[in-house]
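# Reading the structure
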Amino acid sequence: VFHLARPDGLIQPPFDASFPSSHVSLTSAMLAFVGILISHRQGKMIRNITLKITYGCIFLTALSQLYLGIHWFSDVCGAFFMGTSLYLMARI
């Protein structure tokens, strides 16, 4: 009876949604998990080196997202906390 146009958001979702950053959340979850698996039965020195490299890669991924202007700081922080919580839930 009435000719009304559909809302644009239902047909195609907006492409500019960025919270949380998928790169940082996947990097923090997967690299933390792999880093812990690698360093699980190693000595204290090797474990510290492995975890420092892992956390450095996570930090550099987050920093690259900020530097390139792909995501805001809040997007990166939210993604880091989400990835860390996913890792901690998987570890339990």
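Residues numbered from 1 in each chain as written. Predicted model: local features only at pLDDT ≥ 70, side-chain atom pairs only at ≥ 80, totals over all residues. Heavy atoms only, no water.

Counting its secondary structure elements, the protein contains 4 helices and 0 strands. Its helices and strands in sequence order give the protein the pattern α-α-α-α, from N to C terminus. Residues counted as buried form 26% of the 92 residues belonging to the protein. The contacts of the protein with a sequence gap of at least 6 include a subset with a gap of at least 24, amounting to 71%. Accessible area of the protein: about 7400 Å², with a carbon and sulfur share of 70%. (Helix = DSSP H or I, 4+ residues; strand = E, 2+ residues; numbered from the N terminus. Buried < 20%, exposed > 50% of the residue type's maximum accessible area, 1.4 Å probe, protein only. Contact = heavy atoms within 4.5 Å. Areas by Shrake-Rupley, 256 points an atom, 1.4 Å probe, with all protein chains shown as cover.)

Further remarks concern helix α3 (residues 44-67). Spacing of three or four residues puts side chains on the same side of an α-helix, whose turn is 3.6 residues. Taking 1.5 Å of rise per residue, the 24 residues of α3 would be expected to cover 34 Å, and the 34 Å separating its terminal C-alpha atoms lies within 8% of that figure. Buried within α3 we find T50, L51, T54, I58, T61, A62 and Q65. (Expected span 1.5 Å × (residues − 1).)

Another aspect to go through is the packing of helix α2 (residues 22-38) against α3. Packed helix pairs are characterised by how far apart their axes lie and by the angle those axes make with each other. Contact geometry for α2 and α3: axes closest at 9 Å, N-to-C directions at 175°. The orientation of α2 with respect to α3, classified from their angle, is roughly antiparallel. Counting all contacts with α2, which are made through H23, V24, T27, S28, L31, A32, G35, I36 and I38, the residues of α3 involved are T50, L51, T54, C57, I58, T61, A62 and Q65. Of the residues in the contact of α2 with α3, the class split is 9 nonpolar, 8 polar and no charged. (Axes fitted to C-alpha atoms, helices over the stretch in contact; angles between N-to-C directions. Parallel < 35°, antiparallel > 145°, perpendicular 65-115°, else oblique. Nonpolar A, V, L, I, M, F, W, Y, C, P; charged D, E, K, R; others polar.)

These values are about where atoms sit, not about what they do.
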